[in-house]
Every structure is written in C-alpha cells, then in structure tokens.
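Here is how the chains run, residue by residue.
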Amino acid sequence: MMKKPVLIISALIIIFSCNKKEKTSQEKATVPKTETLENKSDEPDEDSAYVFPKTGKKVEDFITKPDIFEIQYQADGDLNGDKLDDIVIVRKDKKNKTALRPVLVLLQNQDKTYRLDKISHLAMPAEYNDSDFKFYDTEDVSIDKGILSIQLYGIGPSGNLFSHYKYFGKDLLLTNIETFNMGAGSHQSLDYDVMKGELFQELINTIEEEMPSTKKTFHLKPQKIKFENASPDAVIEDTYKVTDAENQN
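Every value quoted in this text rests on a predicted model; they were computed, and no experiment measured them. (Residues numbered from 1 in each chain as written. Predicted model: local features only at pLDDT ≥ 70, side-chain atom pairs only at ≥ 80, totals over all residues. Heavy atoms only, no water.)

Attention now moves to the sheet that holds strand β5 (residues 114–120). Read across the sheet, five strands follow the order β1-β5-β4-β3-β2 without closing on themselves; strand pairing throughout is antiparallel. Strand pairing shows two members of the sheet lacking a second neighbour, β1 (55–56) and β2 (69–77), which therefore form its edges. In terms of strand pairing, strand β3 (residues 86–93) meets strand β4 (residues 103–108) through four bridges, oriented antiparallel. Opposite Val-88, over in β4, you have Val-105 as the bridge partner. (Pairing = 2+ DSSP bridges. Helix = DSSP H or I, 4+ residues; strand = E, 2+ residues; numbered from the N terminus.)

Here the structure, examined in full by the defined rule, presents two aromatic pairs. Ring geometry for Tyr-153 against Phe-162: centres 5.0 Å apart, planes inclined by 65°, an arrangement best described as edge-to-face. Tyr-153 sits in the partly exposed class, given a relative accessible area of 31%. Overall, the relative accessible area of 14% leaves Phe-162 in the buried class. Judged by centre distance (5.0 Å) and plane angle (90°), the rings of Tyr-165 and Phe-227 are edge-to-face. Of this pair, Tyr-165 sits in strand β8 (residues 160–168) while Phe-227 sits in the loop between β12 (213–219) and α2 (232–248), and the two are 62 residues apart along the sequence. Considered together, Tyr-165 and Phe-227 belong to a single accessibility category, that of buried residues. In this structure, Arg-91 packs its charged tip against the face of Tyr-50, placed 5.2 Å from the ring centre. Between the NZ or CZ atom of Arg-91 and the centre of the ring of Phe-69, over which it lies, the distance is 3.5 Å. (Phe/Tyr/Trp six-rings, centres within 6.5 Å; stacked < 30°, edge-to-face > 60°. Buried < 20%, exposed > 50% of the residue type's maximum accessible area, 1.4 Å probe, protein only. Lys NZ or Arg CZ within 6 Å of the ring centre and 35° of its normal.)

Here it is, written out as structure tokens:
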C-alpha cells in the first residue's frame, strides 16, 4: 500500500528537477542575448546624435543639432589626390567634455559640394576624463601633401601622440604613429610604420649626467588599419607590450 505514494512523490521530484533544469538553461541562454543588446546600444551609430548627413553644400551642413554640437577643429587640403580641397572636422559637444569627438572626412565634389566619406570615433580621444582631467594640453589637426595628421601634445603622463593617415584607393589607412613619453629616469620615443611593421625605439637614460641613449628596431606584423577602425592609443599600447618584453630580456 505504501508503494503508490512513494511513486507519486518520486515522480513529482523528477518533474520539479526537470523544470528547474529547463528554467536554468533558459536563463543561461538569455544572458548572452542581453549582453549583446546592451553592448550594441553603446555603439555611437545607435544614437541619432551620431548620424550625419551624407552630403552638404558647406561644412556647417554636417553639424546636426548646432545648439548642442560645434566644430572644434577643421583642416583643409587635398586628401584623395583629385586636386580639390577636402575638409576634415572634429565635432565637439558644447557641454559634455567627456563625450566622444567624431572626426569627419568630407571630400569635395566637382560642383564644390561635399560628401561624407569617412567617420572615426576613435582617432580623436575624449577631451577630458570623468575626473575633469584634460588628457592633452595641445591638439592639432592638419592636412599636408595628402597626409591627415592628428597631433596630441601632453606634458604629463599622456605624453605626445601623433597619428598619420593616407588614402590608398578608397581606403584611408593609418600609416604611422609617433610617441614621446617622459618617465622616471628615462625618456622614450617610438616611431611606428604600421603598414611596414617597422618600429623604432629610442630610450634616453636621464639618470646619468651624459644622458646616453639606446636605439632599437623591432619588426612587427604589417597591418592595414582603416581610419574608421583605427585607435592610435590601442595600437601603441600593443607596441609597448613588445618593447617592454624585449627590454626585460
């Protein structure tokens, strides 16, 4: 007479365990989807403030919401070799000092209008961090002989960071990065030809009175990094790992 209740209880336990496992599996399956959606919503192009007109008669036409945004830097010159003066602008949020600063490349058409060709949210870092500290003391954007240069000068720990870009066909590629940093007991400069994979390092020993220098050349994997995907900070951080590992040997 006791077998029937035991069987019922066992069945209930099995059903409860199955439901629990099914629920747990469903919860685990939904976690990556939630994370993906959250990460996707953080992308600049999901925000209407980062959607720009494709064409314009003048540079101001590409600054949507002028009550919020303004042109911080502008450089003029022929970038793509068609003998027409192109324009590169850095857009700044008037109130939010930690906001992204998109860099827009505007190529001139034959009728003197402009078309938006490239956008980078990485080429120019935010001006300030959350602690109201300005990353670089002086910034400059220029076009010279078909080369777009973004030069960031820092007296403090940021140091100097210069990045250079050039058109190859329809692609605007990161060609070269230069850095200079002053640390405790030494100064370091790097000159990195990204497309050739050649990295030149100079270390100056400031502890000794004569300040001797050591020069090294590293051969890295050649890279073709598009302007819209290039983060000079991230690229140079990877080179630090190579030079630090070599110098420790």
